[in-house]
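# Topology and contacts: notes
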Amino acid sequence: MAGCKSKAAPVTPVGDYTGKVVIDPINRIEGHLRIEVEVENGRVKNAWSSSQLFRGLEIILQGRDPRDAKHFTQRSCGVCTHVHALASTRCVDNAIGVDKRIPETGIVLRNMLLGAQFLHDHIVHFYHLHALDWVDVVSALSASPKKAADLANGAGLGHRKHTAAELEETQARLKKFVGSGQLGIFSNAYFLEPHAAYKLPPELNLLATHHYLQALKLQILPSRMMAIIGGKNPHTQSLYEGGITCYDALKKENIAQFKALYKETMDFVNHTYLPDVLAVAPYYLDWGGIGGTTHFQTCGEFPTDEANMDSRFLPSGVIYNRDITNIHKFDLQKIEEGVKYSWYKDDSPKHPWKGVTDPEYTGMDRMTSEDTGKYSWMKAPRYDGKSTEVGPLAQVLVAYGRGHEPTVALVNTVLKHLGVGPEALFSTLGRTAARCIETKLIGDEMVKWIDKLEKNIAKGNVDIVAPFEMPDKAFGVGFVNAPRGMLSHWIEIEGGKIKNFQLVVPSTWNLGPRSDDGTLGPVEEALIGTPVFDPKRPVEILRTVHSYDPCIACGVHVIDPKSNEVYKFKVC
C-alpha cells in the first residue's frame, strides 16, 4: 500500500489555545463520562476524568443469595455483559472452594464463551467506537473507487480482494446521505469540516468506511456464538457455580454452527480488521509517542485450571515504569481503592474485601489545578500504591515481556511493519494496536478449545458442572481479564447470604480519579501532553479516551473559560 511502509508520518498539528476544554458526556454503557482538561499553548497540562452516574450494585446485592450475583452484575453493561457474570461466578466458585473441581469440559466451554465475547467486543470497538477518531468519512467522497480497490489488493497486508464496483456502491450511499443534507450514522462528526488532525488519503478513508459498514453486519456472528453456549445474548444464562449448564451446546449440530460462525468471524479478523490496523497506523506514527502511561497489570485469562491463575493461556503480571524486561507476579493483596476524590463518605484506602460503598455527592465546583475536591463516582483503585493501566495493552505488554510465543511473534510482526520499536507500544497507537493483537491471539487459540471440546465429547467426558454446598461464612474473589481489562468481583458471605460485594471494574482502573496522594488515574496521565489543534473539536482528546474503550460519545460540550460560550457537537 502506497505510503504504508513509511517510517515517518505527518505530525499532528498543535494549536495555540490556552484554557479549559470540557467534553461532557463521553457516553459509555456503564454511564456517562466527563473529561475536563486544562490546555496550555495547544497541549494538555492537566486532566480530570469524572464518572457521572451512580448505580450502587454493591448495595443492591447485600442480603441476597450469592448465586444471584451473576444475574445482577452482568446487567451493569450491555456490551461486555458476560464478563460480569463470569467474575461473579468465579468469586463464588472461589468462596465455596468448587473452583478446584470444575470439570475440564466445563472450563473449555467457559473459555469458548468468553473468547466469543472478545471477538465481538474488539471488532465493535475498533470500527464503531474508535475508527471515526482516525477516519474522515467525508474525504471518502473524493476517493477513486478503483484506486481504493487497487490499494487494498496490492498492499500485501492480507486484505480480502475488493472490486471497484463494491466501493463505488459504498461511495454512492455516502453521496446520497450528503445530498439529503445528512450523513446518517456519520452525521455531526468532527470531520464534517476539514480538520488538520485527520491524515488518511481519500482512498483509505473510503476503504475504512466500507469496512465500518461491513462490521455492522459482521458483529452479530460472534454474538450468536455466545448465545449457542450462553443460552442468550446479551446477558448469558448458562454460567453456574461449579461450571456451566449449557448441555445443548454439546450437540453436534450446535458445535457445527459455532464453528461456522467462528470461521466467518476470524476471516474478518484476519482479512479486514488486522490489515486495516496495519494500513491506518503508518499515517499516525506520531501517536506512538502520545497517550502513554507508566504502570500496567493484568490477571491473564483462559485457564485450564480455574483455581490456578498461572494456568491461564494469556499470562498475568505487573509492569512498573514500563520495564517489560522485569514482569512482577500479580498479588491480589496489593489492591486498594481510595475515595478521597470520589463522592463517598469514607476517605481511607481499603482492600476490596473491606470495601465500603457509602455515597455522598458534594458537587463539581472544585476541579482546578489549585484545589481539586471530589469529582467522580468512580473510586481510585491502586496496585501496590500505583496507578496502573489495565486492558489489551497491559495484557500484550505482560505477555510480550514474559516471552509468550504467540504474542511475541505477532507483536514483532506489527512492529517490523511499522518500522518502530517496542517503546511505541506505550501510547494511544499502541493501545489500539494491542486490542487487535489480543483479538488475533484469542481467536487463533479458540481452534484448540473447539478441538478439545469435540475430543472430550467423543470420549464421553461430558461433565460440565461440579456439585457444591453453600458455606455459612466465606470470602471469595473472581478475576476476569475482560475485553476492557482486569475485572474483579469480591464477596463476603455470612449466614449463607451476601454480606459485602465489591466490583473493581476495568473502567474504574483506567478512568478513575486521582488517588489519595494526588496521583492521576491512567487516562488522566495519558492525556497529559496531548496536542489540541482546535478546542471546539478536540478529536485528539477523544482518541486517547476512546482507546480505553468507553462507548461512543453522543454529545460534546466545549466551554470557553473566557467567554463562557458553550459549543455543542454531536459525535458519532
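Residues numbered from 1 in each chain as written. Predicted model: local features only at pLDDT ≥ 70, side-chain atom pairs only at ≥ 80, totals over all residues. Heavy atoms only, no water.

## Things to note about the UniProt feature "binding site: Ni(2+)" (unreviewed entry) in the chain
Here, UniProt's "binding site: Ni(2+)" (unreviewed entry) annotation points to Cys77, Cys80 and Cys551. One can find Cys80 in the loop between α2 (69-73) and α3 (81-96). Residue class for Cys80 comes out buried when judged on its relative accessible area of 5%. (UniProt positions renumbered as here; feature names shortened; annotations may be inferred. Helix = DSSP H or I, 4+ residues; strand = E, 2+ residues; numbered from the N terminus. Buried < 20%, exposed > 50% of the residue type's maximum accessible area, 1.4 Å probe, protein only.)

## A look at helix α10 (residues 392-401)
For α10, the tally of buried residues reaches nine of ten residues, placing the bulk of the element in the interior. Taken as a whole, α10 has its buried residues at Pro392, Leu393, Ala394, Gln395, Val396, Leu397, Val398, Ala399 and Tyr400. The first or second residue beyond α10 is Gly403, which carries a positive phi of 75°.

## Considerations on the sheet that holds strand β13 (residues 497-504)
Here three strands make up an open sheet; going across it, the order is β11-β12-β13 and the pairing antiparallel. Two strands lie at the open edges of the sheet, namely β11 (473-482) and β13, each paired on one side alone. Across this sheet, the average inter-strand angle for adjacent strands is 15°, counted without regard to direction. As paired strands, β11 and strand β12 (residues 485-494) are joined by ten bridges and run antiparallel to one another. (Pairing = 2+ DSSP bridges. Axes fitted to C-alpha atoms, helices over the stretch in contact; angles between N-to-C directions.)

## What to know about the pattern of salt bridges
Under the counting rule described, the total for this entry stands at 29 salt bridges. The salt bridge partner of Asp24 is Arg34, with a shortest N-O separation of 3.1 Å. Of this pair, Asp24 sits in strand β1 (residues 19-28) while Arg34 sits in strand β2 (residues 31-40); the two residues are ten residues apart in sequence, bridging distant segments of the chain. Comparing Asp24 with Arg34 shows no difference in burial state: the two are buried. Each of Arg90, Asp93, Arg110, Glu301, Glu306 and Arg312 takes part in salt bridges that share partners, so that together they form one network. (Salt bridge = Lys/Arg side-chain N within 4 Å of Asp/Glu carboxyl O.)

## Points about empty space enclosed by the protein
One pass over the structure, following the stated rule, counts eleven cavities of 30 Å³ or more. Quantified by volume, the second largest cavity comes out at close to 110 Å³. Lining the second largest cavity are 14 residues, and of these Phe126, Tyr127, Ala131, Val135 and Ala208 sit closest to its centre. Only α4 (104-130), α7 (202-218) and α9 (252-280) provide two or more residues apiece to the lining of the second largest cavity. (1 Å grid on protein atoms, 1.4 Å probe; cavity = no way out; pocket = protein on both sides within 12 Å on 5 of 7 lines; lining within 4 Å. Points joined across faces, edges and corners; volume = space filled by probe spheres on them.)

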